[in-house]
Amino acid sequence: MVPALGGLAVLGGPLAGRAAAVSGGRVAAGPIVKPLPPEVFISHGTNAETRWEALREVGFRVPNERFFVRNHTATPLIDAATWRLRVHGSGVRRPGEFGYAELRSMPSVSLDAAIECAGNGRSFYGTQQGQQAEGTPWRLGGIGVARWRGVPLGAVLRRAGLSGRAVEIMPSGLDADFVSGGQNLGHVRRPLPIAKALDDVLLAYEMNGEPLPPDHGFPVRVVVPSWIGIASIKWVGDIEVSAEPLVSPWNTQFYRFFGPGYPPEGSEPLATQVTKSAFELAWEQAVPAGGTYTLRGRSWSGRGRITRVEVSTDGGARWRPARLLDDDRGTAWTRWRTTWAEPRPGRHELLARATDETGAVQPARTPFNTFGYLFGAVVAHPVRVA
Ligand SMILES: Nc1nc2c(c(=O)[nH]1)N[C@H]1C(S)=C(S)[C@@H](COP(=O)(O)O)O[C@H]1N2
Ligand SMILES: [Mo]
């Protein structure tokens, strides 16, 4: 059996954050490998948020260079030639390993899907609702849509002799152990119910037609459409398939609702995303007075496709429908457009509110939870007209 870290140069520890120094070695300069130009990204330590104005010129899919990054530790650089995916546990009859070439030789599927951090929009609990939540203060740029290509997870599980008794699977990342509050929580990993695993989950090796970039999970990541981003484990090296329910800190300590109104152990583990909308504008965007200004944005929901988007430029007194521009199948997002006639000089707050196919409409307020997950309320986007 191949050791769990075979073929891997891990970049946490003493080298993290330093410039590459090892000759011929595979060492990155910091927690994120790709360049993070400030006009595209807002840096949050090991994470990088995409600026919404940087999506104005791009199409339906976010180019890999502009896709947000959420790293618990640091991007590892993994050699695909020696990489292995181990599939094991009480829920498979033929535990074993898959190599990169073997996965790539299996029938593949492609899917446009969003990956969105559960904490996307977290900062608005504080700035908009007066109650600050713990964690990375994302605005709305902790999301991206890409075309993912890979092997259906179900096909891999079946090759490993999936048992009818399997109830959950747990993919683990090959990035460094995550240490929180002085406690080593091990590799980033989170259980996923077998029904979802067999539904539309991919083991993806391509992102927008290119091999996965290192920051997004090279050589292989899990893509769990419609679910919170933590389900989509990057740099996957191991999948436990279990006939019993599984636990990890990522479905017990984190990624549940905690706080007022929730039991001490928290809510059920969070699964699907809520409905959100964002304008393709800078925060405090300068808008020319008079004339007709085109407002563009995107809306999305983990519950399915977007059926309606309304925009208000007068603080919510009047709403008008935006024109929907995409026919999303429900796993990505829908772009939209409307116009703003004769913007008057001064500071304004723009509002966009989406409805998804379940009829869920974005509310004016989201009930608080300690870690600030799933902020789905309408966000007031400030602009300056001059
Ligand atoms: N192995 C591993 N997988 C991971 C993470 C991580 O830190 N390590 N972060 C998760 C979280 S919280 C999110 S939101 C998504 C972000 O994916 P991206 O960095 O490709 O945008 O990856 C998920 N998968
Ligand atoms: Mo996340």
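Residues numbered from 1 in each chain as written. Chains lettered and ligands numbered in written order. Predicted model: local features only at pLDDT ≥ 70, side-chain atom pairs only at ≥ 80, totals over all residues. Heavy atoms only, no water.

Caption draft 1: Structural detail: the confidence of the model for the protein chain. Scored by pLDDT, the protein chain has a mean of 93; 92% of the residues are at 70 or more. Taking the mean pLDDT of every element in the protein chain, the minimum, 39, falls on strand β1 (residues 8-9) and the maximum, 99, on strand β16 (residues 221-223). Here residues 1-25 is modelled with pLDDT under 50, and outside its nearest four sequence neighbours on either side it reaches 39 contacts, counting other chains as well. (pLDDT = per-residue confidence, 0-100. Helix = DSSP H or I, 4+ residues; strand = E, 2+ residues; numbered from the N terminus. Contact = heavy atoms within 4.5 Å.)

Caption draft 2: Inspection of the pattern of salt bridges at higher detail. In this structure the tally under the stated criterion is 19 salt bridges. In this structure, E206 and R149 form a salt bridge, with 3.1 Å as the shortest nitrogen-oxygen distance. Within this pair, whereas E206 is found in strand β14 (residues 202-207), its partner R149 is found in strand β9 (residues 143-152), the two being separated by 57 residues in sequence. Judged by its relative accessible area of 25%, R149 is partly exposed. (Salt bridge = Lys/Arg side-chain N within 4 Å of Asp/Glu carboxyl O. Buried < 20%, exposed > 50% of the residue type's maximum accessible area, 1.4 Å probe, protein only.)

Caption draft 3: A look at the site of ligand 1. If you check the shell around ligand 1, you find 20 residues, and the closest are F68, D175, H216, R221 and K234. Here R221 contributes a side-chain N or O atom positioned 2.7 Å from an oxygen atom of ligand 1. Interatomic distance of 2.5 Å between a side-chain N/O atom of K234 and an oxygen atom of ligand 1. Looking at the shell around ligand 1 residue by residue, the classes come out as 10 nonpolar, 6 polar and 4 charged. (Near = heavy atom within 4 Å. Polar contact = N/O pair within 3.5 Å; in protein donor to acceptor, adjacent residues only side chain to side chain. Nonpolar A, V, L, I, M, F, W, Y, C, P; charged D, E, K, R; others polar.)

Caption draft 4: Here's a closer look at the pairing of strand β6 (residues 84-88). Pairing analysis gives 4 bridges linking β6 to strand β7 (residues 96-99), with the strands arranged antiparallel. Directly across from V87, in β7, lies its bridge partner G96. (Pairing = 2+ DSSP bridges.)

Caption draft 5: The sheet that holds strand β3 (residues 47-50), seen in detail. A sheet is described by the order of its strands in space; here 3 strands give the open sequence β2-β3-β4, paired in antiparallel fashion. If you trace the sheet from one side to the other, it starts and ends with β2 (41-44) and β4 (69-70), each paired once. In this sheet, β3 lies alongside β2 in antiparallel orientation, the contact comprising 4 bridges. Across the sheet, F41 pairs through a bridge with T50, a residue of β3.

Caption draft 6: Local environment of the sheet that holds strand β13 (residues 192-193). Ordered by their spatial adjacency, 5 strands build an open sheet running β7-β6-β17-β10-β13, and the pairing between neighbours is mixed. Of all strands in the sheet, those with a lone pairing partner are β7 and β13, marking the two edges. Bridge analysis of β6 against strand β17 (residues 236-242) gives 3 bridges, and the strand direction is parallel. When the sheet's bridge partners are listed, H88 is paired in β17 with E240.

Caption draft 7: Broad picture of the domain arrangement of the protein chain. Domains assigned within the protein chain are domain 1 (14-252) and domain 2 (276-385). For domain 1 and domain 2, the distance between their C-alpha centres works out to 27 Å. Counting from both sides, the interface comprises 34 residues of domain 1 and, opposite them, 36 residues of domain 2. The junction of domain 1 with domain 2 conceals about 3,100 Å² of combined surface from both sides, 57% of it contributed by carbon and sulfur atoms. Among the salt bridges present, the one from K276 reaches E116, with a minimum N-O distance of 2.8 Å. There are 18 residue pairs in polar contact (both at pLDDT 80 or more) connecting domain 1 and domain 2. Of all the elements in the fold, those that place two or more residues in the side of domain 1 that touches domain 2 are β8 (109-116), α2 (123-127) and β9. Looking at the side of domain 1 that touches domain 2, the element that brings in the most residues is β8, giving 5 residues. Tallied by class, residues from the side of domain 1 that touches domain 2 come to 17 nonpolar, 10 polar and 7 charged. (Domains from an automatic or database assignment. Buried area = accessible area lost by both parts, 1.4 Å probe.)

Caption draft 8: Examining the packing of aromatic side chains more closely. This structure, assessed with the given rule, holds 20 aromatic pairs. Here F67 and W148 contribute two aromatic rings whose centre-to-centre distance is 5.9 Å and whose plane-to-plane angle is 80 degrees, an arrangement assigned as edge-to-face. Residue F67 is found in the loop between β3 and β4, and its partner W148 is found in strand β9; the two are separated by 81 residues along the sequence. Among the aromatic residues, those joined into a ring-pair cluster are F178, W250, F254, Y255, F258, F371 and Y373. Cation over ring: R353 sits above W319, and NZ or CZ is 3.9 Å from the ring centre. (Phe/Tyr/Trp six-rings, centres within 6.5 Å; stacked < 30°, edge-to-face > 60°. Lys NZ or Arg CZ within 6 Å of the ring centre and 35° of its normal.)

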